[in-house]
Amino acid sequence: MIREKLESYYSFVFEKELLDEIEQIGVYKKLRENELLVDLGDQMKGVPLLLEGAIKIVREDKKGEEILLYFLERGDTCASSFASAISNGKCGIRAIAEKESEIIFLPKEKLDEWLVKYKSWRNFVIDSYNVRLSEMMETIDTLAFMRMDERLYKYLTDKAQILRETSLNTTHQDIAYDLHTSRVVVSRLLKQLENEGKIKLLRNKIEILEF
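An unreviewed UniProt entry lists the protein under the name Crp/Fnr family transcriptional regulator, from Lutibacter aestuarii.

So this is what it looks like as structure tokens:
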């Protein structure tokens, strides 16, 4: 089953020899919804490849308040985890399963070796950094230039696309945590979006009606 998923998502990225090594030494793990994968300050012993599901990446300020940075979906890896593992540093992000997910952990001892041994791995790592950097820039632009109602709607549609679902099981407080704002503000703007015909509010659920 693991090989099938590796072939499905990575056969066009990695050569067979690298897939063989990943299958042999990778550690497979299933994550429950909302299960913590990586926490702030963790010493990274490897990096995850996401086979199924979605992972939310957040940062925390000195007051313990979180802000969403980006989502990972199947076929992705976490560039921040990679950097921490290579440098033997502590992780600066928190990674949480947004839904039931499957990952395969790759030991950090192999990361440097594969950069030299496999051009496909080197390209994958560089591409991952580029994608994450682009997403970080987008996050900064969103914070700096978008109104809160625009940020909220973008958050909802981005999340729906990552989860491949138009119905989001979430609370107003959870959204407020991710957007680093108050629940009162979120509730007011969600009602505004509903009045505009973009979403439908249900109990602990939001239906996305318009993308």
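1. Some words on the pairing of strand S7 (residues 101–107)
Judged by how many residues are buried, S7 sits mostly within the fold: five of seven residues are covered. Strand direction decides the pairing type here: strand S1 (residues 27–31) and S7, joined by five bridges, are antiparallel. Residue pairing for S7: Leu31 is matched across the bridge by Ser101. Pairing analysis gives six bridges linking strand S3 (residues 46–52) to S7, with the strands arranged antiparallel. Each bridged residue has a counterpart across the sheet, and for Val47 the counterpart in S7 is Leu106.

2. Digging into the pairing of strand S5 (residues 66–73)
Within S5, seven of the eight residues are buried, leaving the element largely enclosed by the surrounding structure. In textbook terms, the turn of a hairpin is the stretch between consecutive antiparallel strands, and for strand S4 (residues 54–60) and S5 this stretch comprises five residues, one of which, Gly64, has a positive phi near 85 degrees.

3. A word on unusual backbone geometry
A positive phi angle is found at Asn34, which is not glycine, with a value near 70 degrees. You can call Asn34 exposed: its relative accessible area is 57%. Residue Asn88 is not a glycine yet carries a positive backbone phi of 60 degrees. Within the secondary structure, Asn88 is located in the loop between helix H3 (79–87) and strand S6 (94–97). Classification of Asn88 as partly exposed rests on a relative accessible area of 46%.

Thresholds, definitions, all that
- Residues numbered from 1 in each chain as written.
- Predicted model: local features only at pLDDT ≥ 70, side-chain atom pairs only at ≥ 80, totals over all residues.
- Heavy atoms only, no water.
- Buried < 20%, exposed > 50% of the residue type's maximum accessible area, 1.4 Å probe, protein only.
- Helix = DSSP H or I, 4+ residues; strand = E, 2+ residues; numbered from the N terminus.
- Pairing = 2+ DSSP bridges.

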